[in-house]
Structure formats: structure tokens, C-alpha cells
Amino acid sequence: MQIPYELALGWRYTRAGRATRRNGFISFISGVSMLGISLGVAALIIVLSVMNGFQKEVRDRMLSVVSHIEIFAPGGAALPDMPRTLAEARANPNVVGAAPFVAAQALLARGEDMKGALVRGIDPAHEAEVTDLAAENLEGLKALVPGEFRVILGSELARQLGVRAGDAVTLIAPAGQVTPAGVVPRLKQMTVAGTFNSGHYEYDSALVMLHHEDAERIFRLEGPTGVRLKLKNLHDAPEVTQQLAHSLSGNLLIRDWTQQNRTWFAAVQLEKRMMFIILTLIVAVAAFNLVSTLVMTVTDKRADIAILRTLGASPASIMGVFMVQGAMVGVIGTLAGLLLGLGVAFNIDVIVPAIERALNASFLPKDIYLISKMPSDPQSSDIVPIAVISLILAFVATLYPSWRASRVNPAEALRYE
């Protein structure tokens, strides 16, 4: 198969400066453009992969405490028919686990120290079905026996109150009881059965777990306030929520994990979008360096263009030659950037510790950050647009110089040759 001469000539022009040692400055500018595209593409891939890694790490830690979907009654009341709700939820093929719970807010006191707490009454027999934290701390949950009023505290909350296993704390329910002396808050002394560490500060500093029957007695409820579900695929939560909204009986509210943390996920997506735009400008600057490279090449090749025109080459063919030359720089730069970026992104767990040892520094100190290793999660949804945008920018940068080449007048070009 015969290769079109535009392609062959464009490739020859791309490598001519290096092969013949002529026009070294043009070749140098072309190499700088290629290097700039490579570094821009690699930087985009590495930064977005690290951001995806942090997002995945925080999400996994969050979902070790939070269930994929919660079903609850309006106003924090008890579910009107909890067994039926459990049965209807488990009937959905996407649901792999279900457990009842009681959700409330209270104050936790130890001496003069008092902290606000998110109280979660759980069923130890089924809690492991819906959260990884419960599955990892199954032995600790067995200490939650109904009637003994034991609690498991988040590690940070226990540290702030200065308590450990075996100590007594006082749970203060917000809704008090009416007495002749007025409204008196309900107080209940609880025994700390243990602590948990989810790696997520919001829950480690506020969450209190106890048996759901004890929570029902303290908060004067007739039963659990909701049901927590775990799905086969956490990303299907919004879709399954819509399915359950049509299949569940009664006036119930349904919330998935993306709705519970909507603000955080929206902030992360906005940050990713802004980083993508900012780093794309680096690729754009490098790509448009091709304009100066091609303009100088066209000026240098005016005699060649005139000879090609006199041999019968059309303006479109001349334009194609220089478009191929610029496009090849963009393609090579993009491929090199992809290889470099993916190489770093997939091996960042090895590269970062090596840099830390060389600089005798720690980028993520364990005593400050919950994550001690740099996470990375390259995703095709980020990598493909990066490559496509880089190629498009390089192609667009070739249009004007190539058009100028096609407008060269052969007689004028050969006058002084």
C-alpha cells in the first residue's frame, strides 16, 4: 500500500532537523513543544489520579460507618411496620444486607466535660451486614447487650472525654420529662464497652453506638426509627433509591450515601474540575508553541513549497503536509505524556516513599493526616478526555501555519533562489 506523499513528507519534515543537524533551532522549538505537551498531559493524569485516590480513600472510610441507603420515618418517629419494611427492602435484588437502627442526638457527659453526640442504636446481630466497621469489630459489638446500657464511642470522642472501656458516662436526651418542678432532661448513666476508629474524624468525634432496644427506652420510642441497607454496588445507590421509593409501603423517607454527604462530594467535584481547567492551560500553552515552530518551518521551506506547487501539488496538499508535521508532534507528545503519567500514577506508592527518604521528609505525617500513604486511582473517564483534548489542541495549532503555507506564491518564493 502506497503511503500518501503528504504523510511521508510531513513525517520527514518532523525529523529532518535532528537527522541532518540543519535548522537546529526549529528542531529545538519543536522538541520543547513536544516536551511541554508531554509534561502537561502527565501532570494532568498524576494530579487527577491522586485526587481520585483521596476521594476513594475518604469515601471508603465514610462508608465503613455510613450505610449505602437509609429508610426512615418522618420526624424521627418509629417505623410503623419495621418487619414489613425489612422484608420489602431485602426483596430488591441489589440489596445484600439490611439492619434496623435508631438515630437521635444527645449530649454525652463525663464530669464537667460535655460533648454533643450522634446516637445510633443498632442490632449487633445484623449490623455487620450493612457496615464494614461493624464487620471488623464484631467481637466488640457483642458487648452491647439489651438492658445493660453499654455504649461504644468513637476514638476521638472518648479521647476528648478522657474515658476508656469500663468507665461511666452520662447520656442526656434532649426531650425531657415533665415534673412538678418543670421539664427535666432525661439522664442515663452508661458504661463504655469499647471504642472504634473509622479513620473519619466526623464520626470518630461524635458517634455513639448502643443497642437499639436501650436507645428506644432512653428516647421513648416504640421501635427502630429506620432501616439501613447495603448494596452489591455502592454506585447504584441513587438508582436503587428510586426503585425502593416505588416498592416500599407506607409514608417513608429514603436517603442514599451521596445525599448524606452531598456538600463534600460537590466540593471535590468542583475542585477536580478547576484543577482540570488550570492544568489544561499548560497543555494549551505547549500546543500553541507549535504555531511558532510551524511558522518558522514554513518560512524555511518556501523553496520546497514552490517546487511542489510547480510539480502540481494543490494548496490542500501543501496544507496537509504541515498539518501532518504539527499533528505528529502532538501525537508523540501526548503518547509520551500518557506513558509518563500512567507510570507515575500506578507506581506512586513506590515513588513518593523514595522521594521522602531522599529528602528526609514526610509529605503526609501520620500524626496529622489520617492517610499516611499517597493514594492514586487512575480512571479512564479522566485519561481519555485528557488525551483527546491534547490532540485537538495540537491539531488546532497547526491550522493557521498550514494555511499560510498553502498560500505561498511559487514565483515569489523562487525569485531569489
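Residues numbered from 1 in each chain as written. Predicted model: local features only at pLDDT ≥ 70, side-chain atom pairs only at ≥ 80, totals over all residues. Heavy atoms only, no water.

Which entries qualify depends on this criterion: UniProt positions are given in the numbering used here, feature names are shortened, and annotations may be inferred rather than shown by experiment.
Per an unreviewed UniProt entry, the protein is named Lipoprotein-releasing system permease protein, and its organism is Diaphorobacter nitroreducens. Turning to the protein, the UniProt annotation filed under Sequence similarities (unreviewed entry) states: "Belongs to the ABC-4 integral membrane protein family. LolC/E subfamily."

1. With respect to the packing of aromatic side chains
Basically, it comes down to this: Two aromatic rings from Phe, Tyr or Trp, using only the six-membered ring of Trp, form a pair when their centres are within 6.5 Å; if the ring planes differ by under 30 degrees the pair is stacked, by over 60 it is edge-to-face, and anything between is tilted. Placement of a positive charge over a ring is assigned whenever Lys NZ or Arg CZ falls within 6 Å of the ring centre and within 35 degrees of the normal to the ring plane.
All chains considered together, the criterion is met by one aromatic pair. Taking the ring centre of Phe149 as reference, the NZ or CZ of Lys188 above it sits at 4.2 Å.

2. Structural notes on the packing of helix α12 (residues 302-310) against helix α13 (residues 315-346)
Where we set the bar: Axis definition: a line fitted to C-alpha atoms, limited for helices to the stretch in contact. Angles are taken between N-to-C directions and run from 0 to 180 degrees. Helical segments are the DSSP runs of H or I of at least four residues, strand segments are the runs of E of at least two, and each set is numbered from the N terminus. Two helices that cross are described as forming a left-handed crossing if the nearer one is turned anticlockwise from the farther one by less than a right angle, and a right-handed crossing if clockwise. Note on definitions: a residue-residue contact is assigned when non-hydrogen atoms from the two residues lie within 4.5 Å. Gly counts as polar in this scheme, as do all residues outside two lists: the nonpolar Ala, Val, Leu, Ile, Met, Phe, Trp, Tyr, Cys and Pro, and the charged Asp, Glu, Lys and Arg.
At a minimum axis separation of 10 Å, α12 and α13 run at an interaxial angle of 145°. Crossing of α12 against α13: the hand is right-handed. On α13, the residues touching Ile305, Leu308 and Arg309 of α12 are Pro315, Ile318 and Phe322. Class assignment for the residues of the contact of α12 with α13 results in five nonpolar, no polar and one charged.

3. A short note on the nonpolar core
Selection rule: In this text, buried Ala, Val, Leu, Ile, Met, Phe, Trp, Tyr and Cys residues form a nonpolar core when linked through side-chain atoms within 4.5 Å. With a 1.4 Å probe rolled over the protein chains alone, any residue whose accessible area is under 20% of its type maximum counts as buried; one over 50% counts as exposed, and the rest are partly exposed.
Formed by 35 residues in total, the largest nonpolar core has its most connected members in Ile69, Ile71, Val227, Leu229 and Leu244. Breaking this core down by element, the ones donating at least two residues are α2 (24-63), β1 (69-72), α3 (82-90), β2 (95-110), α4 (132-136), β7 (207-211), β8 (226-231) and α9 (237-247). Not counting the four nearest positions on each side in its chain, Ile71 is found in contact with Thr85, Ala89, Phe101, Thr225, Gly226, Val227, Leu229, Leu244, Leu248, Leu252, Leu253 and Ile254. By size, the runner-up hydrophobic cluster in this structure holds 23 residues, among which are Ala104, Leu108, Leu161 and Val163.

4. Here's the deal with α12
To keep things clear, this is the line we draw: The directions considered for the arc are those from the helix axis to the C-beta atoms.
Every buried residue of α12 is listed here: Ala303, Ile305 and Ala306. Relative to the axis of α12, the buried residues are bounded by an arc of 160° and lie together on one face. Once α12 ends, the next one or two residues include Gly312, with phi positive near 110°.

5. Topic: the pattern of salt bridges
Applied cut-off: Here, a salt bridge means any Lys or Arg side-chain nitrogen found within 4 Å of an Asp or Glu carboxyl oxygen.
For the coordinates displayed, the defined rule picks out nine salt bridges. In this structure, Arg159 and Glu156 form a salt bridge, with 2.5 Å as the shortest nitrogen-oxygen distance. In this pair, Arg159 and Glu156 both sit in helix α6 (residues 155-161), three residues apart, roughly one turn of the helix. Residue classification places Arg159 among the exposed residues on the basis of a relative accessible area of 57%. The residue Asp214 makes a salt bridge to Arg217 at a minimum N-O spacing of 3.1 Å. Taken as a pair, Asp214 and Arg217 lie in helix α8 (residues 212-218) at a separation of three residues, close to a single helical turn.

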